[in-house]
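Below are the chains, spelled out letter by letter.
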Amino acid sequence: MQDAITAVINAADVQGKYLDSSAIEKLKKYFQTGELRVRAAATIAANAATIIKEAVAKSLLYSDITRPGGNMYTTRRYAACIRDLDYYLRYATYAMLAGDPSILDERVLNGLKETYNSLGVPIGATIQAIQAMKEVTAGLVGPDAGKEMAVYFDYICSGLS
Ligand SMILES: CCC1=C(C)/C(=C/C2=NC(=C\c3[nH]c(/C=C4\NC(=O)[C@H](C)[C@H]4CC)c(C)c3CCC(=O)O)/C(CCC(=O)O)=C2C)NC1=O
């Protein structure tokens, strides 16, 4: 896993150089938004179950997916879906704190699309649910932190599509 600081340092180290002005600018931006990130992470942690519930209500409930024949039908599959959304929310929050998406590649997206395809989990509907989590989260943490979280929700969606 990488974060905004190690990303900048590793890039400089590869060239054997001190940080240039664009690297310094990246670090400045990261430190300036530090408190915002920590506050958002605390709010998300305290409201995770609500975020997921509202996102599911907005995107998946009462659709064909939750009816017989749908991939969320049966309690076991419904629970697996909710659990997956909880993974996405938690890992997006980690990535937002780190200011870097590498943890998503390593722990979430690696092999995920293949798993979904082999189990018949609908990727379009999953993306809709993640987009709904993005909206609900932004409503809760405010526009600035919401924008920051959006980067990582979108990263998961493009990794799935
Ligand atoms: C931390 C990283 C990580 C991820 C991301 C992960 C995902 C993941 N989701 C799975 C299943 C699943 N995922 C879903 C999800 C959904 N079905 C829908 O219709 C909805 C659109 C959607 C929810 C938004 C469902 C229903 C299953 C069970 C499918 C089945 O067994 O038939 C499986 C197969 C094994 C299992 O059932 O546990 C994995 C590996 N596991 C991990 O360890």
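Above this text sits the structure in question.
The rules we used
- Residues numbered from 1 in each chain as written.
- Predicted model: local features only at pLDDT ≥ 70, side-chain atom pairs only at ≥ 80, totals over all residues.
- Heavy atoms only, no water.
- Helix = DSSP H or I, 4+ residues; strand = E, 2+ residues; numbered from the N terminus.
- Buried < 20%, exposed > 50% of the residue type's maximum accessible area, 1.4 Å probe, protein only.
- Contact = heavy atoms within 4.5 Å.
- Areas by Shrake-Rupley, 256 points an atom, 1.4 Å probe, with all protein chains shown as cover.
- Near = heavy atom within 4 Å.
- Polar contact = N/O pair within 3.5 Å; in protein donor to acceptor, adjacent residues only side chain to side chain.
- Phe/Tyr/Trp six-rings, centres within 6.5 Å; stacked < 30°, edge-to-face > 60°.
- Salt bridge = Lys/Arg side-chain N within 4 Å of Asp/Glu carboxyl O.

(A) Representation of the overall build of the protein in the model. What the protein contains, in helices and strands, is eight helices and zero strands. Counting from the amino terminus, the protein carries its helices and strands in the arrangement α-α-α-α-α-α-α-α. Seen through its C-alpha atoms, the protein measures out along the principal axes to roughly 60 × 35 × 20 Å. Residues counted as buried form 39% of the 161 residues belonging to the protein. Pairs at least 24 residues apart make up 70% of the contacts formed inside the protein by residues separated by at least 6 positions. For the protein, the computed accessible surface area is about 9100 Å², with 56% contributed by carbon and sulfur atoms.

(B) Focus on the site of the ligand. What surrounds the ligand is a group of 23 residues, the closest being Asn71, Arg76, Cys81, Arg83 and Asp84. One of the side-chain nitrogen or oxygen atoms of Arg83 is found 2.8 Å away from an oxygen atom of the ligand. Asp84 is positioned such that a nitrogen or oxygen atom in its side chain is 2.7 Å from a nitrogen atom of the ligand. Burial of the ligand by the protein chains amounts to 80% of its free accessible area of 880 Å². Among the elements of the structure, helix H4 (75–98), helix H6 (112–119) and helix H7 (123–141) are those that each provide at least two residues to the shell around the ligand.

(C) Looking closely at the packing of aromatic side chains. One pass over the structure, following the stated rule, counts two aromatic pairs. Relative to Phe31, the ring of Tyr30 lies with its centre 5.9 Å away and its plane at 50°, an arrangement referred to as tilted. Residue Phe31 is classed as exposed on the basis of its relative accessible area of 53%. Residues Tyr91 and Tyr94 carry aromatic rings whose centres are separated by 5.3 Å and whose planes lie at 90° to one another, so their mutual orientation is edge-to-face.

(D) Examining the pattern of salt bridges more closely. Tallied over the entire structure, the rule returns six salt bridges. Between Arg39 and Glu35 there is a salt bridge, with the nearest N and O atoms lying 3.7 Å from each other. One end of the pair is Arg39 and the other is Glu35, both in helix H3 (residues 34–59) and four residues apart, which spans about a single turn. Since its relative accessible area comes to 52%, Arg39 is described here as exposed. Between Arg67 and Asp64 there is a salt bridge; the shortest N-O distance is 2.6 Å. When its relative accessible area of 41% is taken as the criterion, Arg67 is described as partly exposed. Here Asp64 falls in the exposed class, since its relative accessible area comes to 57%.

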